[in-house]
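Reading the structure
One letter stands for each residue in the lines below.
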Amino acid sequence: MLNFFIPILAFLFQQEGQGRFTRTWEAAAHPDLSKFLVIGALLFIIGVAGVLTRRNIIVIFMSIELILNAANLNFIAFSRYLQETGNVNAVAGQIFAVFVIVVAAAEAAIGLGIVIALYRNKETIWVDEIDLLKW
Amino acid sequence: MTLSGYEALFFWIFALAAIFAGLLTVMARNAVHSALFLISSLVSVAALFVLSGAEFIAGVQILVYVGGVMVLFLFVIMLVNVGAEEKGSEEIFNNQRQVTASLIFCLLLVGGVLYAVSQGFPALQAKNKTDPLAAAAEQVARDRSLAKGATGTSRITADTEHIGNNLYRYASLPFEIASVLLLVAIIGSVMLARTLRQEVSADDVDPETLQEEIALDPELAKLEPRSE
């Protein structure tokens, strides 16, 4: 358990090296790829928590949008990182993000159509009351 | 990629805004408030896209998500609004056990992802041997070398041009498939959202079901095209 947590804490607060405060300040004043990845991960987790805990089906859809957006943030961050270091096609990440946005828009249109049809037939938007497929 | 100076300051502002707005999206009691917080989260993430040099994606994000998808969400919320949520008479979360289990799962996921980043990123840095300060200076020099705009205060990036070139050169087939996907989505959502009256007048209902529905609502018989 400790083996698991100590690297995380050391990474977040940059404890090794010259002075804890200067290292932390240095890391905060120059956010790099890892900070983008952490922000993306936090947005993803918030979205997952929303999907798992909320009862309102529309808020669940919004949480899914949050998850897709977190994935986009990672694509863009890696695209920028590869632009500077790698010799691969660095714009590929941005192109993938365009397709993620397209799929998200299609998914939202279909999903909201289903929500309207469901509300017309069952008069509810609480997911725990929509149990037609439960045996 | 290493941001510095004002870029770093704005990175932290927009990153915190995105995360707090995301949290409030999940926790707001009123679904309209959730939608508005989601809009501010999406705009903050678009600002992060601008900071990492993806101006085109930031514009697309604001046009498509904020201008299109979120307006659709708001319309649907207002169409199906039940009102019980805001009055506080209905619980907004699932029951206690499910929430506890899913939050434990989410905490494990946070730990796992942070562990992976903390293990993987230093190795990536060691492999590419990048010095953060040198990389930041290099980035500033690269931004300075861009052509100036008409007013002389801003710079013109070639980001959109690169995306256009690469999209049609390497991803033209997926691009066409995406357009078919959008067409299918439009037709599907129009079909799904029809009312019974619209289905009857398009002669698109099973005859037995139609007889049952006519027994409940005689008005429907007048709409049927065959009866004329």
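For every chain, the first residue of the written sequence is number 1, and numbering continues from 1 onward in sequence order. Written order determines the labels here, with chains lettered from A and ligands numbered from 1. pLDDT decides what is reported in this predicted model: residues at 70 or higher carry local features, side-chain atom pairs at 80 or more are listed and counted, and totals for whole chains, interfaces and linings draw on all residues regardless.

A few words now on the overall build of chain B. Strands are runs of DSSP state E lasting at least 2 residues, helices are runs of H or I lasting at least 4, and numbering of each runs from the N terminus. Looking only at helices and strands, one finds 11 helices and zero strands in chain B. Just to be clear, the radius of gyration here is over C-alpha atoms, and the globule rule we use is 2.2 Å times residues to the power 0.38. Here chain B has a C-alpha radius of gyration of 26 Å; the compact-globule value for 228 residues is 17 Å, and the former is much larger. Within chain B, buried positions represent 21% of all 228 residues. Two residues form a contact once the distance between their C-beta atoms, set from the backbone, is within 7 Å. In chain B, the share of contacts with a sequence separation of at least 24, taken over all contacts with a separation of at least 6, comes to 47%. Between the buried cut of 20 or more and the exposed cut of 12 or fewer other C-beta atoms within 10 Å of a residue's own C-beta lies the partly exposed class, and all C-beta atoms are placed from the backbone.

Counting its secondary structure elements, chain A contains five helices and zero strands. Going from N to C terminus, chain A has its helices and strands arranged as α-α-α-α-α. Within chain A, counting contacts between residues at least 6 apart in sequence, those at least 24 apart form 44% of the total.

Ranked by internal contacts, the top residues of the largest apolar core, which has 72 residues, are Ile58(A), Leu73(A) and Leu48(B). Broken down by secondary-structure element, the contributors of at least two residues to this core are helix H3 (33-53), helix H4 (57-85) and helix H5 (92-122) of chain A together with helix H1 (6-27), helix H2 (31-51), helix H3 (55-79) and helix H5 (96-128) of chain B. Once residues lying within four places of it in the same chain are set aside, the contact partners of Ile58(A) are Val115(A), Ile125(A), Ala31(B), Phe73(B), Val76(B) and Ile77(B). The term nonpolar core means buried Ala, Val, Leu, Ile, Met, Phe, Trp, Tyr and Cys residues held together as one set by C-beta atoms within 7 Å.

With that settled, the discussion passes to the interface of chain B and chain A. Listed by partner, the interface residues are 80 residues for chain B and 66 residues for chain A. Broken down by secondary-structure element, the contributors of at least two residues to the side of chain B that touches chain A are H1, H2, H3, H5, helix H6 (132-144), helix H7 (159-170) and helix H8 (172-192) of chain B. The element best represented in the side of chain B that touches chain A is H5(B), accounting for 15 residues. Note on residue classes: Ala, Val, Leu, Ile, Met, Phe, Trp, Tyr, Cys and Pro are nonpolar, Asp, Glu, Lys and Arg are charged, and everything else, Gly too, is polar. Classifying every residue of the side of chain B that touches chain A gives 56 nonpolar, 22 polar and two charged.

As a further point, take the domain arrangement of chain B. All names here are of chain B. Taken domain by domain, chain B comprises domain 1 (1-92) and domain 2 (93-152). Look at where the C-alpha atoms of domain 1 and domain 2 centre, and you get two points 19 Å apart. Every contact between the two is made by four residues of domain 1 and, on the other side, five residues of domain 2. When its residues are assigned to classes, the side of domain 1 that touches domain 2 shows one nonpolar, two polar and one charged. Where a domain begins and ends is set by an automatic assignment or by a domain database.

Glancing now at the packing of H2(B) against H3(B). Residues and elements named next belong to chain B. The interhelical angle for the contact between H2 and H3, taken along N-to-C directions, is 175 degrees, at an axis separation of 9 Å. Relative to H3, the element H2 lies roughly antiparallel. Every residue of H3 that contacts H2 at Ala31, Val32, Ala35, Leu38, Ile39, Leu42, Val43, Val45, Ala46, Phe49 and Val50 is listed here: Glu55, Ile57, Ala58, Gln61, Ile62, Tyr65, Val66, Met70, Phe73, Leu74 and Ile77. Tallied by class, the residues present in the contact of H2 with H3 amount to 20 nonpolar, one polar and one charged. Fitted lines through C-alpha atoms serve as axes, helices being fitted only where they are in contact, and the angles separating the N-to-C directions of these axes extend from 0 to 180 degrees. An angle below 35 degrees is read as roughly parallel, one above 145 as roughly antiparallel, one from 65 to 115 as roughly perpendicular, and any other as oblique.

A few words on unusual backbone geometry. All names here are of chain A. A positive phi angle, near 55 degrees, is found at Glu123, a position not held by glycine. Among the secondary structure elements, Glu123 is positioned in the segment after H5. Accessibility expressed as a C-beta count within 10 Å gives 10 for Glu123, which makes it exposed.

Attention shifts here to the packing of H1(B) against H2(B). Residue and element names in this part refer to chain B. Orientation of H1 relative to H2, taken along the N-to-C sense of each, is 155 degrees, at an axis distance of 8 Å. When the interaxial angle is binned, H1 and H2 end up roughly antiparallel. Classified by chirality, the crossing of H2 by H1 is left-handed. Between H1 and H2, the residues in contact are Glu7, Phe10, Phe11, Phe14, Ala15, Ala17, Ala18, Ala21, Gly22, Leu24 and Thr25 and Ser34, Phe37, Leu38, Ser40, Ser41, Ser44, Val45, Ala47, Leu48 and Leu51, respectively. The class makeup of the residues in the contact of H1 with H2 is 14 nonpolar, six polar and one charged. By convention, the crossing between two helices is left-handed when the near helix turns anticlockwise from the far helix through less than a right angle, and right-handed when the turn is clockwise.

Topologically, Tyr119(A) is positioned in helix H5. The class of Tyr119(A) is partly exposed, set by 18 C-beta atoms lying within 10 Å. The contact partners of Tyr119(A), leaving out residues within four places of it in the chain, are Ile125(A) and Val80(B).

What follows covers the confidence of the model for chain B. Residue and element names in this part refer to chain B. What pLDDT conveys is the predictor's confidence in a given residue, as a value from 0 to 100. Of all residues in chain B, 93% have pLDDT values of 70 or greater, and the mean over the chain is 85. Between the elements of chain B, mean pLDDT differs from a low of 63, seen in helix H4 (residues 84-87), to a high of 94, seen in H2. What the predictor reports for the complex is a pTM of 0.85 with an ipTM of 0.85.

Okay, the environment of Leu51(B) next. In this fold, Leu51(B) is placed in helix H2. Not counting the four nearest positions on each side in its chain, Leu51(B) is found in contact with Leu3(B), Glu7(B), Phe10(B) and Phe11(B).

Let us now look at the environment of Ile60(A). Following the sequence through the fold, Ile60(A) ends up in helix H4. With 10 residues separating them along the chain, Ile60(A) and Gly50(A) place their C-alpha atoms 6.3 Å apart.

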